[in-house]
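Architecture at a glance
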Amino acid sequence: MSLVQAHAVQVALPNTSEKRPFRRAPLTQILHGVDIAIAKGEAVGIVGESGSGKTTLGRALVRLLEPSGGRVSFDGQDITHLPEAALRPLRARMTMIFQNPLASLNPRRSIAASVAAPLWARGDRRDLRARACTALERAGLPAALADRYPHQLSGGQRQRAGIARAIVTGPDFILADEIVSGLDVATQAQILDLLRDLRRDMGLALAFITHDLSVVRVLCERVVVMHRGRIVEAGDCAAVFANPVHPYTRRLLSAAPLPVIDPGWLDAEPDEGGQI
Ligand SMILES: Nc1ncnc2c1ncn2[C@@H]1O[C@H](COP(=O)(O)OP(=O)(O)OP(=O)(O)O)[C@@H](O)[C@H]1O
Ligand SMILES: [Mg+2]
């Protein structure tokens, strides 16, 4: 059985640029019936050009958005229209990492406090600091950095802190949205290596949103290609990349210089304890 499943999911959002005074903004259809299934422990890449609906799909999968049609389920439970209070227990099991870790790290809180915040929010308040430090170490950051503030970390270290926050509750599924886009190639490779290790050790399932196909090939077993709010191609990475069927996927592939990231070369380097 799939851990995360979307069936014919539609999302319509208010188009505020066409809103008239005293009227509701007209709705724009963003997703036009999307199907996706992610098994336990599986990593699926979601690719497509800017504006194709990748983030919207991701947000619908973890119910940051309520679909206007279709169905989303998590571990067999229909969550399509669950109210936030009923979603709360599931929030520990499905977490998110974003492109800009500053968005999930409070600038006025220490790293340890931000990482522990999801535990605190659930009323799970034992050994908060120790558990935050364990998550930080798993994400490759020395616990000595726990008392720093976000602005005192490098971009790569901040992304590791964002990952620590996403794993602190012991999730089954992580939505990662363009999480290596702002980083240099060496740091990207280190973060991807970390995610691969975490997947293996924690049995994590991953929805990995990116416009960079080389990243998908490193991390994911399967890929779905989005175009204008629809999935236009889906399959095993090797098959899709070797033999793209949809003209849009072909264009995407020909636009992407594929063999950029090879985390393997990092094995030759001494581990610097996340000091990147
Ligand atoms: N809150 C919103 N209200 C109205 N329209 C939105 C909203 N969020 C996104 N959209 C529109 O939905 C479409 C899909 O956006 P989305 O952010 O899902 O694309 P994306 O594939 O993630 O793009 P990118 O690669 O640039 O992040 C875009 O046309 C966007 O303008
Ligand atoms: Mg996006």
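Before reading on, note that the structure itself is shown above.
Here goes a summary of the coordinates provided.

What counts and how
Residues numbered from 1 in each chain as written. Chains lettered and ligands numbered in written order. Predicted model: local features only at pLDDT ≥ 70, side-chain atom pairs only at ≥ 80, totals over all residues. Helix = DSSP H or I, 4+ residues; strand = E, 2+ residues; numbered from the N terminus. Rg over C-alpha atoms; globule rule 2.2 N^0.38 Å. Buried ≥ 20, exposed ≤ 12 C-beta atoms within 10 Å, placed from the backbone. Near = placed C-beta within 6 Å. Nonpolar A, V, L, I, M, F, W, Y, C, P; charged D, E, K, R; others polar. Contact = placed C-beta atoms within 7 Å. Pairing = 2+ DSSP bridges. Axes fitted to C-alpha atoms, helices over the stretch in contact; angles between N-to-C directions. Core = buried A, V, L, I, M, F, W, Y, C linked by C-beta atoms within 7 Å. Expected span 1.5 Å × (residues − 1). Parallel < 35°, antiparallel > 145°, perpendicular 65-115°, else oblique. Left-handed = near helix turned anticlockwise from the far one by under 90°.

1. Digging into the overall build of the chain
Across its full length, the chain holds 9 helices and 10 strands. In summary, the chain has a C-alpha radius of gyration of 19 Å against a globular reference of 19 Å for 276 residues, a match within 12%. Each of the three principal axes of the chain carries a C-alpha extent, and together these read 50 × 45 × 40 Å. Counting all 276 residues of the chain, 40% fall into the buried class.

2. Observations concerning the site of ligand 1
Near ligand 1 lie 13 residues; those nearest to it are Leu13, Ser50, Lys54, Thr55 and Thr56. Mapped onto the shell around ligand 1, the elements with two or more residues apiece are strand 2 (27-39) and helix 1 (54-61). At 3 residues, the largest contribution of residues to the shell around ligand 1 is made by helix 1. Broken down by class, the residue content of the shell around ligand 1 amounts to 2 nonpolar, 10 polar and 1 charged.

3. Examining the environment of Gln29
Along the chain, Gln29 falls in strand 2. Sequence separation between Gln29 and Pro14 is 15 residues, and the spatial gap between their C-alpha atoms is 8.9 Å. When neighbours within four sequence positions are excluded, Gln29 is seen to be in contact with Gln10, Ala12 and Gly229.

4. Brief notes about the sheet that holds strand 3 (residues 43-47)
Sheets are built from strands that pair by backbone hydrogen bonding, the pairs being arranged parallel or antiparallel. Here we have 6 strands laid out as an open sheet, ordered 6-7-8-3-9-10, and mixed in their pairing. Each edge of the sheet is formed by a strand with only one pairing partner; in this case those strands are strand 6 (94-97) and strand 10 (230-236). Going across the sheet, the axis of each strand differs from the next one's by a mean of 15°, ignoring polarity. Summarising the sheet, strand 6 and strand 7 (residues 173-177) pair through 4 bridges and their orientation is parallel. The residue bridging Met94 from the neighbouring strand is Phe173, located in strand 7. Relative to the sheet, helix 5 (residues 155-167) contacts strand 6 and strand 7, its axis offset from that of strand 6 by approximately 175°.

5. Details of the nonpolar core
Membership of the largest hydrophobic core comes to 74 residues, with the highest contact counts inside it found for Val115, Leu136, Ala164 and Phe208. Ignoring any residue separated from it by four or fewer positions in sequence, one finds Val115 in contact with Ala132, Ala135, Leu136, Ala161, Ala164, Arg165 and Val168.

6. Re unusual backbone geometry
Backbone geometry places Phe22, a non-glycine residue, at a positive phi of 65°. In this structure, Phe22 sits in the loop between strand 1 (2-14) and strand 2. Phi is positive for Asp127, close to 45°, though the residue is something other than glycine. Assignment of secondary structure puts Asp127 in the loop between helix 3 (111-121) and helix 4 (128-138).

7. Looking at helix 6 (residues 185-202)
For helix 6, spanning 18 residues, the distance from its first C-alpha to its last is 25 Å, which sits close to the expected 26 Å at 1.5 Å a residue. If you check which residues of helix 6 are buried, you get Gln188, Ala189, Gln190, Ile191, Leu192 and Leu195. Check the buried side of helix 6 and you find it contacts helix 5 and helix 7 (213-219). Count one or two residues on from helix 6 and you reach Gly203, which has phi positive near 65°.

8. Concerning the environment of Arg63
As for its position among the elements, Arg63 is in the loop between helix 1 and strand 4 (69-74). Separated by 143 residues in sequence, Arg63 and Leu206 have C-alpha atoms that sit 15 Å apart. Not counting residues up to four positions away in its chain, the partners in contact with Arg63 are Val72, Ile79, Leu82 and Leu87.

9. Considerations on the packing of helix 3 against helix 5
Packed helix pairs are characterised by how far apart their axes lie and by the angle those axes make with each other. Running from N to C, helix 3 and helix 5 point in directions that differ by 30°, and their axes come no closer than 7 Å. When the interaxial angle is binned, helix 3 and helix 5 end up roughly parallel. Remark: the crossing between helix 3 and helix 5 carries right-handed chirality. Across from Ile111, Ser114, Val115 and Pro118 in helix 3, the residues of helix 5 making contact are Ala161, Ala164 and Arg165. Among the residues forming the contact of helix 3 with helix 5, the class breakdown is 5 nonpolar, 1 polar and 1 charged.

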